[in-house]
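A closer look at the structure
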Amino acid sequence: MICGGLWGSRNAHRLRQAPRRGQMAVLEGSSSAVLLTDAPEPVRLPFSVCLVRCWQEYYPPAETRWTFFSVQADPDAEEGYRAAEFDAPDGREVPLPGTDARVQVLQYVLPPGGALDAHGRAAPPTVKLRLARGERWTVKLLVAHDECPYEQLELTDLYDDEVDWLRAGAPVLVLQRPEQQVRDYKGVLAVLRDGREVARKTIEVNDPLHYDGYHFYLAELGQAHGRPYAVLNVVSDAGLVVVLAGFALLLGGVVWRMWVRLGPRGGANAPEGTP
Amino acid sequence: MIAALALKPTPLGALMLTALALHVLALPAWAVRRAMGQAVFAAGFVAAAAAVVLRTVQTGQPPMQNLFEVFLLLGAMMFPLSLLGRRALGVGAEALDAALAAAVLFPPALVFSAAAQPLPPALQSPLFVPHVAAYLLAYVILAKAGALAAALVVAGDRTGEGKLVSRAQAVRTLVRAALPLLTAGLLLGAVWGKLAWGDWWNWDPKELWSLASWLAFVAYLHVPPGVAARRPRLIGAIVVLGAALILITLLWANLAQRFAGLHSYA
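Nothing here was measured: the structure is a model prediction, and the numbers come from that model.

Each regular strand carries side chains that alternate between the two faces of the sheet. Residues and elements named next belong to chain A. Residues G22, M24 and V26 line the buried face of strand β1 (residues 21–27), whereas the alternating positions R21, Q23, A25 and L27 sit on a face that is not buried. Sheet topology places β1 next to strand β16 (residues 227–236); seven bridges connect them, and they run antiparallel. The residue of β16 that forms the bridge with L27 is Y229.

Pasting the structure below:
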């Protein structure tokens, strides 16, 4: 294990002038051979890696309802505000805590495009609300944004100028939409050498691509100018086989010494302290 | 992760509370009659095992994802390992097993949040179950070894009744039984680390505390026999230290903000 670890160490790679670890950023549908390492100059691999496709998979949301909070500024609170969560069942008008206004969920609707996207991900939901205060009322449609799970609604239609919305204590309705949890990050990688495809694999968390002494891990997925990209962690596997052999020997040795050699009772009749 | 002390008004909560109550009741039952204590301990195991099965069915995944599930599983493992310990290893003190199981079942029954989360991508690996299971089995065995070693340190050695081994020998036998499992957990974690993060060792706080506890038990087993025979209390203290390091690995490394690392989902 120590030998393998030393052979795979940063210093051993430096001596061999081989990159030990680096990152590649590849746009979907394009390829790159440039590896960014901690060296001043990027390293060029003798092959290029093409990101054929990348995507995220989601669990279906466990909840479809939004969570409602009435938020009021409070200088005495640790965060500078107080948030009271309250239940807003569909169709029933409920008071907005800390105010004389009322809220009613009219409908949970989905934006144009349907309920699920191509990868089974639930589309961001939209909620239609009726807000009332005394005889006045208004209907609001809240469409969730991908980036932020929270939507904020100030009750200006109901209060006009009665409330200074910057004044401490002015209430705000905050809604948190159900969050979808990522099931997996996936990408299809193809390795190109001299213009020919020499390897291809769908990689995901816990399942990297291995080629020519390097493992390629999916580190990050994102969008740049509307085009998906992936950041790949590239790690040398130098010494790994030796380390794994060391693991097997260590485990085998411990099992042999602890469980097999002395029997199940561990040499109960042996002198006290016999290991 | 942690809620205030509260009952869980669900079938799972009721099962866990029943299991906790039965494990606690096993202690006075033992004082009356050994067979009665054993029967109540067995009934507590049935309730804990039922809770594990129910949780598995409810979440559709192995109950090893968070502290709530891990502690529930640890509590359910105690009875079968206690039986095995007596029959195969000659280690008694089953009342201690029931007490440990009660202590382990208390947090999931009344403190830890039972909120279920889908398995994050990093935990979706064939190594998830063997890695965690090896550690949990080792931890249950070493919890008993640690408790017996604490008794050894405080009250000294005690000869075993009938076919049972002495207290000092029981500690050694239990550590020997657990070390391969602890080693397997550590090495499987290293292999998994390579597959998930790119390196088989990442200097993560949980990895480090885990290695520290492994080293403590390895050090205990490397004490020369003569020294161990002359200073059983002092040597027993190494096992107590190892058990304390396990507590840090299992609890503190997850709950204390200062140890946030790659295992933060645990």
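Bringing helix α3 (residues 67–89) of chain B into the picture now. Because an α-helix completes one turn every 3.6 residues, residues spaced three or four positions apart along the sequence face the same direction. All names here are of chain B. Of all the bends found along α3, the most pronounced is centred on M78 and spans about 30°, while P80, a proline, follows it within four residues. By the criterion of burial, α3 is predominantly enclosed, with 17 of the 23 residues buried. Of the residues trailing α3, G90 is marked for its positive phi of about 70°.

With that settled, consider the interface of chain A and chain B. Counting from both sides, the interface comprises 40 residues of chain A and, opposite them, 45 residues of chain B. Inspection of the region where chain A meets chain B yields two salt bridges. For the side of chain A that touches chain B, the elements supplying multiple residues, two or more each, are β12 (182–193), β15 (214–224), β16 and α4 (240–260) of chain A. With eleven residues, α4(A) is the single largest residue contributor to the side of chain A that touches chain B. Considered class by class, the residues forming the side of chain A that touches chain B number 22 nonpolar, ten polar and eight charged.

Our focus in this paragraph is the sheet that holds strand β3 (residues 43–58) of chain A. All names here are of chain A. Spatially, the four strands line up as an open sheet ordered β2-β3-β12-β13, and their pairing is antiparallel. If you trace the sheet from one side to the other, it starts and ends with β2 (31–35) and β13 (196–204), each paired once. Across this sheet, the average inter-strand angle for adjacent strands is 35°, counted without regard to direction. As defined by bridge partners, β2 adjoins β3 across four bridges and the pair is classed as antiparallel. In the sheet register, V34 faces β3, and the bridge partner there is R44.

Next up on the list: the environment of A219(A). All names here are of chain A. Here A219 lies in strand β15. Remark: the alpha-carbon pair of A219 and V234, spanning 15 residues in sequence, is separated by 9.4 Å. Ignoring anything within four residues of it in the chain, the contact list for A219 reads Q23, V231, L232 and N233.

This part takes up the packing of aromatic side chains. Evaluation of the coordinates by the stated rule reveals eleven aromatic pairs over all chains. Ring geometry for F47(A) and Y211(A): centres 4.9 Å apart, planes at 85°, overall edge-to-face. With F47(A) in strand β3 and Y211(A) in strand β14 (residues 209–211), the pair connects residues that are 164 residues apart, well separated along the chain. We note that F47(A), like Y211(A), is buried. Summarising the aromatic geometry, the rings of Y135(B) and Y139(B) are spaced 5.5 Å apart at their centres and angled 35° between planes, so their arrangement reads as tilted. One end of the pair, Y135(B), and the other, Y139(B), are both in helix α5 (residues 128–155), four residues apart, so they sit about a helical turn from each other. The class of Y139(B) is buried, set by a relative accessible area of 7%. Within the aromatic cluster, the residues linked to one another by ring pairs are W30(B), F41(B), F45(B) and F79(B). Sitting over the ring of W7(A), R16(A) keeps its end group 4.0 Å from the ring centre.

What counts and how
Residues numbered from 1 in each chain as written. Chains lettered and ligands numbered in written order. Predicted model: local features only at pLDDT ≥ 70, side-chain atom pairs only at ≥ 80, totals over all residues. Heavy atoms only, no water. Buried < 20%, exposed > 50% of the residue type's maximum accessible area, 1.4 Å probe, protein only. Helix = DSSP H or I, 4+ residues; strand = E, 2+ residues; numbered from the N terminus. Pairing = 2+ DSSP bridges. Bend = angle between axes of the 7 residues up to and from the residue. Contact = heavy atoms within 4.5 Å. Salt bridge = Lys/Arg side-chain N within 4 Å of Asp/Glu carboxyl O. Nonpolar A, V, L, I, M, F, W, Y, C, P; charged D, E, K, R; others polar. Axes fitted to C-alpha atoms, helices over the stretch in contact; angles between N-to-C directions. Phe/Tyr/Trp six-rings, centres within 6.5 Å; stacked < 30°, edge-to-face > 60°. Lys NZ or Arg CZ within 6 Å of the ring centre and 35° of its normal.

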